[in-house]
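Observations on the three-dimensional arrangement
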Amino acid sequence: MSAPVLVWFKRDLRLGDHPALALAGARVLPVYIIEPDYWALPDSSARQWAFTCEALASLRTELAALGQPLITRWGEAVAQLSRICTQHGVRRIFSHEETGNDWTYARDRRVADWARANGIDWVELPQCGVIRRLTSRDGWQGARNRFMRQPLAPAPAALEPLVTTDLPERLPDARALGLPPDPCPHRQNGSHASARQALDSFLATRGASYRRAISSPLSAERACSRLSPYLALGVLSVRQVEQARQQARAAHAGAKDWSEALQSFGKRLAWRDHFIQKLEDEPEIETRCLHPAYEGLRGTDAARLQAWCAGETGLPFVDACMRYLSATGWLNFRMRAMLMSFASYHLWLDWRQTGAHLARCFTDYEPGIHWSQCQMQSGTTGINALRIYNPVKQGHDQDPQGRFIRTWVPELKSVPLPFLHRPWDWPEAGRHLAGRYPEPIVDPEQAGQEARDRLWRLRRHAGFQAAAHSIAQKHGSRARKNTPLRRGPHPMPPAAQLSFDL
């Protein structure tokens, strides 16, 4: 009888469209390793672990129904994989390629070294449009689109019951992992049923207003797909969502709102892979400025950082967004960009510090998107326009009646609407707000202008544009048509390139 194949689940907690599981066959040991060192990282949090536990519980139930329950182990990956392989005579491991943070990248390199040294065949398969060992972005969009059009990998019909005893009854809680308390009362549930419900409701009803309603936190909560945490953890695959989107386009044919909404949503799914590809190509995006001229530009201010993290900056719309994020684990994209922009430009804080806090807050933390966006919204890429959001203007634009602010910053409920976005101008502020809500930590107009001037001066330095050109060549989306994709030494057929109009 053939040796079983070990399928190592990481951020791919599903059965459907799971190429590694589909390729492994019926004699499978499905394994998930709880790695305490990962959960001790500064970008990990208890809310993320709680969401992961819910997804793991769903996966465990579904695998058990097929005949082979999920095997969970606690510890360092190499040690646990080695123990299981020795115990069960495993010679092959299947998993998906993971583009995670710097820690997971280093861990996977250790696993690869161990596998080679011990004659274990470790097969890694792509699960999205990100391509390993890419030498040029030319042709990337065409390759990504071809992957999305491929048939979904079938879920197994049954699995042989190879190991059904000595399995832990429950997953550890956050305290057992040493994670600090992290209340998030309104976060999404990580179960497979919740993921499916979010996808179905978005494509059937909620998505009709997607294009016009995604900018304001008031309307975005319902109009956005809310699929990001399920995609980040792999409860749903991007290909499943993309093909469901195509089916919804046919179902809503002739409806203008739906046509525009689903087109925009498809661009954002492609945008997702585009940014994760950046981290795959350059893992240092997580730890150093993409353009070297920005290294050392910003410093540390503990008081400002604490005020921003706590939603106590004295800027009502900024504070409302931060408190909403803390309570829900999610925030719409424009407001995420505003929070990072305000921290980087107005408070002049380094993106690595503020980025770690946001990563912990996001239930849908996806390193490839997150760190690329931290740098974009901080102006450290050298190739993107400087977007210095005016937080007062954003409040007026996205929350004109102040409903969002009054909900999440209840200290301001008594402030008349004309002064709600700038309560420091209210003549009664001293009497009503003193000791209850802080004065603004900075003057938003002055701080924004000072940041703009400093960054434009830097961009005029000798050598800046040459370095920016090299960055654009490596990471920029292509406008040219019919350019071949290069992966390793073998060119692939011509394909069109992405042009993002987001």
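Residues numbered from 1 in each chain as written. Predicted model: local features only at pLDDT ≥ 70, side-chain atom pairs only at ≥ 80, totals over all residues. Heavy atoms only, no water.

A short note on empty space enclosed by the protein
The full count for this structure, using the stated rule, is 4 cavities of 30 Å³ or more. As for the largest cavity, its lining consists of 24 residues, and the residues nearest its centre are Arg-11, Tyr-38, Trp-39, Thr-52 and Leu-233. The leading source of residues in the lining of the largest cavity is helix H3 (residues 46-66), at 3 residues. A breakdown of the residues in the lining of the largest cavity according to their chemical character gives 12 nonpolar, 6 polar and 6 charged. Empty space within the second largest cavity amounts to approximately 250 Å³. For the second largest cavity, the lining is made up of 21 residues, of which Arg-11, Glu-97, Gln-127, Cys-128 and Arg-272 are closest to its centre. Listing elements by their share of the lining of the second largest cavity, those giving two or more residues are helix H10 (228-232) and helix H12 (256-281). Residues of the lining of the second largest cavity, tallied by class, amount to 8 nonpolar, 5 polar and 8 charged. (1 Å grid on protein atoms, 1.4 Å probe; cavity = no way out; pocket = protein on both sides within 12 Å on 5 of 7 lines; lining within 4 Å. Points joined across faces, edges and corners; volume = space filled by probe spheres on them. Helix = DSSP H or I, 4+ residues; strand = E, 2+ residues; numbered from the N terminus. Nonpolar A, V, L, I, M, F, W, Y, C, P; charged D, E, K, R; others polar.)

So, the packing of helix H6 (residues 140-149) against H12
With their axes 11 Å apart at the nearest point, H6 and H12 run at an angle of 120 degrees to one another. By the angle class used here, H6 and H12 are oblique. The element H6 and its partner H12 pack so that their crossing is right-handed. Contact with H6, carried on its side by Trp-140, Arg-144 and Met-148, involves Leu-269, Ala-270, Asp-273, His-274 and Gln-277 of H12 and no other residues of that element. Among the residues making up the contact of H6 with H12, the classes are represented as 4 nonpolar, 2 polar and 2 charged. (Axes fitted to C-alpha atoms, helices over the stretch in contact; angles between N-to-C directions. Parallel < 35°, antiparallel > 145°, perpendicular 65-115°, else oblique. Left-handed = near helix turned anticlockwise from the far one by under 90°. Contact = heavy atoms within 4.5 Å.)

Quick notes on the pattern of salt bridges
All chains considered together, the criterion is met by 36 salt bridges. Between Asp-273 and Arg-144 there is a salt bridge, with the nearest N and O atoms lying 3.1 Å from each other. Pair noted here: Asp-273 is in helix H12 and Arg-144 is in helix H6, with a separation of 129 residues, a long-range link. Between Asp-301 and Arg-304 there is a salt bridge, and its shortest N-O distance comes to 3.9 Å. Under the relative-accessibility criterion, Asp-301 is labelled partly exposed at 30%. Using a relative accessible area of 25% as the deciding quantity, one classes Arg-304 as partly exposed. Beyond isolated ion pairs, a larger network of salt bridges with shared partners links Lys-10, Arg-11, Glu-35, Glu-98, Arg-107, Asp-108, Arg-144, Arg-272, Asp-273 and Glu-366. (Salt bridge = Lys/Arg side-chain N within 4 Å of Asp/Glu carboxyl O. Buried < 20%, exposed > 50% of the residue type's maximum accessible area, 1.4 Å probe, protein only.)

Here's the deal with the nonpolar core
Formed by 125 residues in total, the largest nonpolar core has its most connected members in Phe-9, Trp-49, Leu-227, Trp-308 and Leu-339. Ignoring anything within four residues of it in the chain, the contact list for Phe-9 reads Arg-14, His-18, Leu-21, Pro-30, Val-31, Tyr-32, Leu-59, Leu-63 and Leu-70. In this structure, Val-31, Ile-33, Ile-71 and Val-111 belong to the second largest nonpolar core, which totals 20 residues. (Core = buried A, V, L, I, M, F, W, Y, C linked by side-chain atoms within 4.5 Å.)

Regarding the layout of surface pockets
Counted as a void, the second largest pocket has a volume near 460 Å³. In terms of lining residues, the second largest pocket is bounded by 22 residues, among which Glu-98, Tyr-105, Arg-132, Arg-133 and Glu-280 are the most central. When contributions to the lining of the second largest pocket are tallied by element, the ones reaching two or more residues are helix H5 (102-117), strand S5 (121-125) and H12. Top contributing element to the lining of the second largest pocket by residue count: H5, with 5 residues. Its residues assigned to classes, the lining of the second largest pocket comprises 8 nonpolar, 3 polar and 11 charged.

What about H3?
Compared with an ideal rise of 1.5 Å per residue, which puts 21 residues at 30 Å, H3 spans 30 Å between its outermost C-alpha atoms and is within 8% of the ideal. Immediately beyond the C-terminal end of H3, within one or two residues, lies Gly-67, with a positive phi of roughly 125 degrees. (Expected span 1.5 Å × (residues − 1).)

Some thoughts on helix H11 (residues 238-251)
Taking 1.5 Å per residue, 14 residues should reach 20 Å; H11 reaches 20 Å between its end C-alpha atoms and fits that length. Taken together, the buried positions of H11 are occupied by Val-238, Arg-239, Gln-240, Val-241, Glu-242, Gln-243, Ala-244, Arg-245 and Ala-248. Looking at the buried side of H11, the elements it contacts are helix H1 (19-24), H6, helix H7 (192-204), H10 and H12.

What to know about the confidence of the model for the protein
Regions with low pLDDT should not have their predicted coordinates read in detail. Per-residue confidence for the protein gives a mean pLDDT of 93, with 94% of residues at or over 70. Across residues 479-502, where pLDDT falls below 50, the model places 74 contacts with residues more than four positions away in sequence or in other chains. (pLDDT = per-residue confidence, 0-100.)

Notes on the sheet that holds strand S4 (residues 92-96)
Read across the open sheet, the 5 strands follow the order S3-S2-S1-S4-S5; overall the sheet is parallel. Of all the strands in the sheet, just strand S3 (71-74) and S5 have a single pairing partner and so form its edges. Taking the axes of each pair of neighbouring strands and ignoring which way they run, one obtains an average angle of 30 degrees across the sheet. Judged from the 5 bridges that link them, strand S1 (residues 5-9) and strand S2 (residues 28-34) form a sheet pairing that is parallel. Counterpart to Val-5 in the pairing with S2 is Val-28. Docked against the sheet, helix H4 (residues 77-88) engages S1, S2, S3 and S4, running at close to 155 degrees with respect to S2. Relative to the sheet, H5 contacts S1, S4 and S5, its axis offset from that of S5 by approximately 140 degrees. (Pairing = 2+ DSSP bridges.)

Examining the side chain of Thr-381
On the secondary structure map, Thr-381 appears in the loop between helix H17 (367-378) and helix H18 (391-398). One polar contact links the side chain of Thr-381 to the main-chain amide nitrogen of Ile-383, over a distance of 3.3 Å. Polar contacts involving the side chain of Thr-381 include one to the side chain of Asn-384, which spans 2.7 Å. Every residue in contact with Thr-381, bar those within four places of it in the chain, is listed here: Leu-290, His-291, Gln-375, Met-376 and Ile-471. (Polar contact = N/O pair within 3.5 Å; in protein donor to acceptor, adjacent residues only side chain to side chain.)

Side note on the pairing of S2
Looking along a regular strand, one sees the side chains alternate between the two faces of the sheet. A large share of S2 lies buried, amounting to 7 of its 7 residues. Residues of S2 alternate between two faces, with Val-28, Pro-30, Tyr-32 and Ile-34 on one and Leu-29, Val-31 and Ile-33 on the opposite face, all of them buried. Handedness of the crossover joining S1 and S2 through H1 is recorded here as right-handed. Here S2 pairs with S3 via 4 bridges, running parallel. When the sheet's bridge partners are listed, Ile-33 is paired in S3 with Arg-73. (Right-handed = clockwise from strand over helix to strand, strands pointing away.)

What to know about the packing of aromatic side chains
In the structure shown here, the tally under the stated rule is 15 aromatic pairs. Centroid distance Trp-351 to Trp-371: 6.0 Å. Interplanar angle 65 degrees. Geometry classified as edge-to-face. Of the two residues, Trp-351 is situated in helix H16 (residues 351-361) and Trp-371 in helix H17; the sequence distance between them amounts to 20 residues. When sorted by exposure, Trp-351 lands in the same class as Trp-371, which is buried. What links up through ring pairs into an aromatic cluster is the set Tyr-38, Trp-39, Trp-49 and Trp-103. Positioned above the aromatic ring of Trp-140 is the side chain of Arg-137, whose terminal nitrogen or guanidinium carbon lies 4.9 Å from the ring centre. Between Arg-298 and the ring centre of Trp-348, over which it is positioned, the NZ or CZ distance is 4.6 Å. (Phe/Tyr/Trp six-rings, centres within 6.5 Å; stacked < 30°, edge-to-face > 60°. Lys NZ or Arg CZ within 6 Å of the ring centre and 35° of its normal.)

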